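# What the coordinates show
What follows is the residue order along each chain.
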Amino acid sequence: MAGKSLSNMAAVAVAGTLVALLMIAGCLGSEGDSVTSPSQQITVTGSTTVLPIAERAKEAFEANDASAAIMVSGGGSSVGIKAVGEGTADIGMASRDLKPEEAASYPGIVRHEIARDAILLVVNPENSVDRLTPGQVRGIYNGTYTNWNQVGGPDQPIVVVGRDSASGTREFFSEFIMDKEDFIRTQEEFNSNGGIQQKVSRTPGAIGYVGLGYTEGVKALALDVDGTAVEPTLQNITDGTYPINRPLFMLTDGEPGGLARQYLEFIMSAEGQEIVASLDYIPVQG
Amino acid sequence: MKKEQAAPVPFPGFGRLQRPEVGADRASAGANRHLTDLIAGKLLFFAALVAIAAVIFIIVFLLRDGYQIVLETGAWNFLAGQNWNPAGQNPAYGVLPLIVGTLLVTALAMAIAVPLSIGSAVFVAEIAAARTKAAIKPAIELLAGIPSVVYGFFGLILLTDWIRIAFDQPSGSSWLAGSILLAVMAIPTITSVAEDAISSVPREFREGSLALGATHWQTIKNVVVPRALPGISAAIILGMGRAIGETMAVLMVTGNAAVIPDPITDVFSPVRTLTGTLGIEMGEVAFGSTHYHALFGVAVVLLFITLAINSASRIVISRIQGPQGTARPTAHRALVAAASRIAHAVSAPFGGVVSPRTSQRCAFFLISLSVVIVLAALGMILFGIVVNGAGAISWEFLTGSPRDLGRAGGIFPAIVGTFYLVGGGLAIALPLGIATAVYLIEYTAETPLTRSIRAAVDLLNGTPSIVFGLFGFAFLVIFLNFGISLIAGQITLGLMILPTIIRTTEESLRSIPGSLREGSYALGATKWQTISRVVLPPALPGILTGAILSIGRAAGETAPIMFTAAIFSSRYLPSSLTEPVMALPYHLFVLTTSIPGASTQSYGTAFVLLLLVLAIYLAAILVRRRYNREKVM
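Residues numbered from 1 in each chain as written. Chains lettered and ligands numbered in written order. Predicted model: local features only at pLDDT ≥ 70, side-chain atom pairs only at ≥ 80, totals over all residues.

## Some details on the overall build of chain A
Summing up its helical and strand segments, chain A has ten helices and 13 strands in all. For chain A, with 286 residues in total, the buried portion stands at 51%. When contacts within chain A are restricted to residue pairs at least 6 apart in sequence, long-range pairs at least 24 apart make up 72% of them. (Helix = DSSP H or I, 4+ residues; strand = E, 2+ residues; numbered from the N terminus. Buried ≥ 20, exposed ≤ 12 C-beta atoms within 10 Å, placed from the backbone. Contact = placed C-beta atoms within 7 Å.)

## Comments concerning the overall build of chain B
Along chain B, the regular secondary structure elements total 23 helices and four strands. A fraction of 78% describes how many contacts in chain B between residues 6 or more apart in sequence connect residues 24 or more apart.

## Description of the packing of helix α17 (residues 448-462) of chain B against helix α19 (residues 486-510) of chain B
All names here are of chain B. At a closest axis distance of 8 Å, the pairing of α17 and α19 adopts a crossing angle of 125°. With respect to α19, the element α17 is oriented oblique. Crossing of α17 against α19: the hand is left-handed. Contacts between α17 and α19 involve V457, L460 and N461 from the former and P499, T500, I502 and R503 from the latter. Its residues assigned to classes, the contact of α17 with α19 comprises four nonpolar, two polar and one charged. (Axes fitted to C-alpha atoms, helices over the stretch in contact; angles between N-to-C directions. Parallel < 35°, antiparallel > 145°, perpendicular 65-115°, else oblique. Left-handed = near helix turned anticlockwise from the far one by under 90°. Nonpolar A, V, L, I, M, F, W, Y, C, P; charged D, E, K, R; others polar.)

## Details of unusual backbone geometry
Looking along the chain, the bond that leaves D262 of chain B and enters P263 of chain B is cis, with omega of -5°. When you line up the elements, P263 of chain B lands in the loop between α10 (248-253) and α11 (274-281). Phi at D226 of chain A takes a positive value of approximately 50°, unusual for a residue other than glycine. Counting through the fold element by element, D226 of chain A comes out in the loop between β10 (222-225) and β11 (228-230). Look at D226 of chain A and you get exposed, because 6 C-beta atoms sit within 10 Å. One non-glycine residue, N256 of chain B, lies in positive phi territory at about 55°.

## Structural notes on the domain arrangement of chain A
Many structure descriptions define interface size as the accessible area lost when the parts assemble. Residues and elements named next belong to chain A. Partitioning chain A into domains gives domain 1 (40-116 + 246-278) and domain 2 (118-238). Distance from the C-alpha centre of domain 1 to the C-alpha centre of domain 2: 29 Å. Listed per partner, the contact involves seven residues of domain 1 and six residues of domain 2. Among the residues making up the side of domain 1 that touches domain 2, the classes are represented as no nonpolar, five polar and two charged. (Domains from an automatic or database assignment.)

## Description of the pairing of β10 of chain A
Each regular strand carries side chains that alternate between the two faces of the sheet. Residue and element names in this part refer to chain A. The pairing of strand β5 (residues 131-132) with β10 spans two bridges and is parallel. Paired with R131 across the strands is A222, a residue of β10. The sheet contact formed by β10 and β11 spans three bridges and is antiparallel. The residue bridging D224 from the neighbouring strand is A229, located in β11. (Pairing = 2+ DSSP bridges.)

## Focus: helix α4 (residues 130-143) of chain B
Compared with the 20 Å implied by 1.5 Å per residue over 14 residues, the 20 Å span of α4 of chain B between its first and last C-alpha is a close match. Taken as a whole, α4 of chain B has its buried residues at K137, I140, E141, L142 and L143 of chain B. (Expected span 1.5 Å × (residues − 1).)

## Considerations on the pairing of strand β3 (residues 91-94) of chain A
All names here are of chain A. Neither face of β3 is open: one carries I91 and M93, the other G92 and A94, and all of them are buried. Where β3 lies against strand β12 (residues 245-253), three bridges are found, and the strand directions are antiparallel. Within β12, the residue paired with A94 across the bridge is F249.

## Brief notes about helix α8 (residues 216-227) of chain B
Residues and elements named next belong to chain B. Its twelve residues place the ends of α8 15 Å apart at the C-alpha level, agreeing with the 16 Å of an ideal helix rising 1.5 Å per residue. Of all twelve residues making up α8, ten are buried, and the element is well covered by its neighbours. Those residues of α8 that fall on the buried side of the exposure criterion are W217, T219, I220, K221, N222, V223, V224, V225, P226 and R227.

## A short note on the sheet that holds β5 of chain A
Spatially, the three strands line up as an open sheet ordered β5-β10-β11 (chain A), and their pairing is mixed. Two strands bound the open sheet, and with one partner strand each, they are β5 and β11 of chain A.

## Re the environment of S120 of chain B
All names here are of chain B. Of note, S120 is situated in helix α3 (residues 96-127). Linking S120 and L366, residues 246 residues apart in sequence, is a C-alpha distance of 9.9 Å. Beyond its immediate stretch of four places on either side in the chain, S120 contacts T191, S370, V371 and V374.

## Some points on the confidence of the model for chain A
Per-residue confidence for chain A averages 81 on the pLDDT scale, and 86% of its residues sit at or above 70. Every residue in residues 1-37 of chain A is under pLDDT 50, and counting partners more than four places away or in other chains gives 65 contacts. (pLDDT = per-residue confidence, 0-100.)

## Some points on the environment of G152 of chain A
Counting through the fold element by element, G152 of chain A comes out in the loop between α5 (134-142) and β6 (159-163). For the pair G152 of chain A and S128 of chain A, spaced 24 residues apart in sequence, the C-alpha to C-alpha distance is 8.5 Å.

## Describing the packing of α8 of chain B against helix α14 (residues 356-392) of chain B
Residues and elements named next belong to chain B. One can describe the packing of α8 onto α14 by two numbers: an axis separation of 8 Å at closest approach and a directional angle of 70°. With respect to α14, the element α8 is oriented roughly perpendicular. Contacts between α8 and α14 involve H216, W217 and Q218 from the former and P356, S359, Q360, A363 and F364 from the latter. Residues that form the contact of α8 with α14 fall into these classes: four nonpolar, four polar and no charged.

## What to know about the nonpolar core
With 273 residues, the main nonpolar core has V150, L181, L295, A299, L470 and A583 of chain B as its most contacted residues. Summarising the domain contributions, this core has at least three residues from each of domain 1 (40-116 + 246-278) and domain 2 (118-238) of chain A. Non-local contacts of V150 of chain B, meaning those with residues more than four positions away in its chain, are made with I385, A606, L609 and L610 of chain B. (Core = buried A, V, L, I, M, F, W, Y, C linked by C-beta atoms within 7 Å.)

## Observations regarding the environment of D253 of chain A
Residues and elements named next belong to chain A. With respect to the helices and strands, the residue D253 is situated in strand β12. Judged by the 19 C-beta atoms lying within 10 Å of it, D253 falls in the partly exposed class. Residues D253 and G108, spaced 145 residues apart in sequence, show a C-alpha to C-alpha distance of 5.5 Å. Apart from residues no more than four positions distant in its own chain, D253 is found in contact with V84, G85, G87, G108 and I109.

## Considerations on the confidence of the model for chain B
Residue and element names in this part refer to chain B. Taken residue by residue, chain B gives an average pLDDT of 83. The fraction at 70 or more is 88%. α3 holds the highest mean pLDDT among the elements of chain B, 93, whereas helix α13 (residues 328-347) holds the lowest, 56. The low-confidence segment residues 1-24 (pLDDT under 50) makes 31 contacts with residues lying over four places distant or belonging to another chain. Confidence over residues 323-329 falls short of pLDDT 50; this stretch has three contacts with residues more than four positions distant or in other chains. Taken over the whole predicted complex, pTM reads 0.81, whereas the ipTM for its chain interfaces reads 0.74.

Structure follows, in C-alpha cells:
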C-alpha cells in the first residue's frame, strides 16, 4: 500500500503542520497565565448588549474563584433565549422581553432583571443642537425633517443612523419614540452601538441612538420634555426623569443552582452592580 | 516522488502488499489485493455519498426555509417588493432594493476593477522586465489572500471619511465606498488569473505579429489579448463572484439603507446588499418567524445569482473556446480581424493623426498608470497595517488573554481558536473532498447524474460564505442545538471549503493522462493500486495547493463563524468541541465596529491575521513553484 501511504502523506503533511502549530501555540499558552483547567463551568450566551456586563462580571468572579470557568458568548437575544430554553446554555442574555411564541415554547424560563439600559440620542460634537423634543426626534427618524435648520440647528442635511431591524434596541426605540411608525428608508443601519458611535463621531450631520456607554467622540442630546431639557445623566435616568430606558435580562431554565446561581448573585451584589454602573448601564439594586 | 520514505504503513497486515510481486505467498496476496480494492472502492463511494449528500442537503435546507417566505408573502411581493422593513408596523419583505444594491455595487466595482486589473495583467505579462515581473506577480497573488475584514477595517477608517470630505457629502457610507472597496479586493484575483491567461499565449503569435511590422502595442492589442480572451473572461467572472459574495467589508462601508438610489446613478446614496442583510440581521432574528424565513429567501436569491453567474461563465467560455478548439487558425484569424476592426472603430476619431508609435506610448502610459494605482492602493493598506500593527505587537499581546473588552491584554485565545477552527474544518473537508473527487473521476463515467452532482458542487463553490454561515446557524446551532460552539464552526467551515477541495482535486486528477492509468492496468495492477500509486502521486501538488488555499480562505473568513462559533472574549482555550472559541477575523470585526478606543488592538489583530493568512498563501505559492520546476526538469 505504498500508494495509500502517499495519499496519507498529503494528509500527514497538512495535519503535521497544524499539529506542530498547535503544539507551539499550546506551549506558548502554558507559559502565560491563561490556561488552567477549570473544575466548574457554565455557559452564558445571548444578547450583545448584555455581553459586556456578563464579561466583566465573569472576570471579577473568576478572579475570586479560580476554579470557576464561565464561558460568555454573543449571538443575539434570540440565541440566548433558545439556548437556555433548550438547555444548551446555563444562562441566556436578552435585551428584550420574551416574544409570545418564545414564552409559549419555553414556559420554564425565569427572567432576572440585572440592569437597565438607557438609550441616548447622539450627534456629532460640531453640531450646535443640544436638545430635541420627542416629536422632533420622531420627525427626524420618519423623514419629516431632513435638515438641521428645521430643528434649530445649522443648515446641514441630517444623516439618519440607526440599528438593524432585528435589533432589540431598535425595537425599543421604535416603540418608545416612533410609536411604531416606519423609519425613513434612507436611514443608515449598523448592527452595533459601537458602529453607530463611530459613524456619528465621524460624520458632522449625523444623528444616532446608542446605549449609555457609547458617548466617546459624540455629543449626547438632552430630551426636551414639556419645555425642560432633561440631560441623560445617571441621576436622571435612575429616577426615571430621562424616560428612554429598558430592562436587560439574564434568563435561566427554572431557578438556577450551583455556579449559575453564585454568578447571578454576584451580579446582583453590590460589587456586581458596581460593575454594571462602571460599564454605563443602570444598576437595579442598591 | 519517493514512495518508500512516505508515512509508515497504517496497517501491518498490508505491509506485504507494498510489493505484491515479491510477496512470499502470492495467492493470498492476490486475494488480499482484490479485497483491498473492493474495500477502497466502497469507502470512496461512501465518502462521496456523504459529501454529495451534504452538498444537496444544504441546498434543499435553504430552499425549504426560503420557500416559506414565498408562501407567506407571495413570490411577487418578495422578489419585486420595493420595501424591506421587517421591523415595521406592517412588516414588508421586498428584496428588490437589496438585489438592486448588490448589482449596483458589483457593477461599479467591476467598472473600476476590470480596466485596472487587465492593465496590470498586460503590464506584468507583456511589458515588465523579467525581474520586475518576478517581484510583482507573487505580490499581487499574495494580496488576493488578504482577509476581507481587513479591507473592511480600512474602508471604515479611511475610505468613508475620504469620500465624505472629498466629494462634500453629508455621509461617506455609500454605494461608491462599497464599490471602491470591492474593486480593490477583486483586483488581485482578476489580475492574477488574467495574467496567467495572457502569459500562456504561445510565443509564436507575438513573434509572427512583430515580424509583420506591428508595434509592441499593436501586437498586444490585436493578437495577444484577443487570444487570451477566454481566460480574461474567466478572470472577470471569478472576480465578480468574489465581489457579489463579499459580506463583511461591504457591510462595514455601504450604510446598509435598503433603498434603491434615487436617481439610480447617485453613487453617494447608501445601499444595502443581499449579503450585508444576512450579516447584520441574522443574529437577532427570532427563530421560525417570517423575518427568519425572509432571510432564507435572501440566501436563496444569492444562490440563484451564483447559479446565473456560473452558467454565464460556462456559456461565455465555451462560446469563445468552442470554435478555437476545432479550427484554431481560421477562428484565430477571424478574432484578430474582429479585434482590429473594433480597434479601428475606437481609434477612428483620432484618424490618421495618431501614429502607431504615439498610440503605443499613450497605451503604455495608461497601462503603467493602472499598475501604479493598483500597487499604490494595496501598498497603502499594507503599509498602514504594518506600521500601526507592528507597534501593537508585544509578548503580552501574542500570549495573553483579552481584558477590558479587548482594549487591553492579548489575542492568544483568538490565534489558537483560529487554528482549531481551520484544523477542524480541514479534518472534515480534506478526506471527504479528496475521496469524493477520486470517486467521481476514477470510478464513475460521465453521466447526467455526475454532471448534476458537479453542477451542485460548482453552485456551492461559488456560494457566498455568509450563506454557509446562515446554514450553520440555522441547522447546527439552532436546529441541532449545538449552540455557538467550536464544532458548529468547524463543520460550517468544512462545508464551505468542501466544494473547493473537490473541484481542485478533480482538476488535478483530470490532468493526469489516461495512458498512465492504462499502463498500470496493463501491468496487472488493481484499480486501487493504480489510483494510489500511479494517479495520486503526480496529482498531489495540485491537491495540496487547493488544500492550502482553502486553509487560507477558512482562516480569514468572518461571515461563516460569526453566528456559529465565535465569541468575542474568553480567558480559556476551549477544552471541548461544544464550547465557543475566539477567532482572529471575528475579533477584528468586533474591535473595529463595536469597541471604541481599541484602534491599537485593531491594527495589531489585523497585522497578526494578515501575517497568518499571507504565510499560508505563501506556502501555496511555494508548493506550486516547486511542482512547476519539477515538471520542467
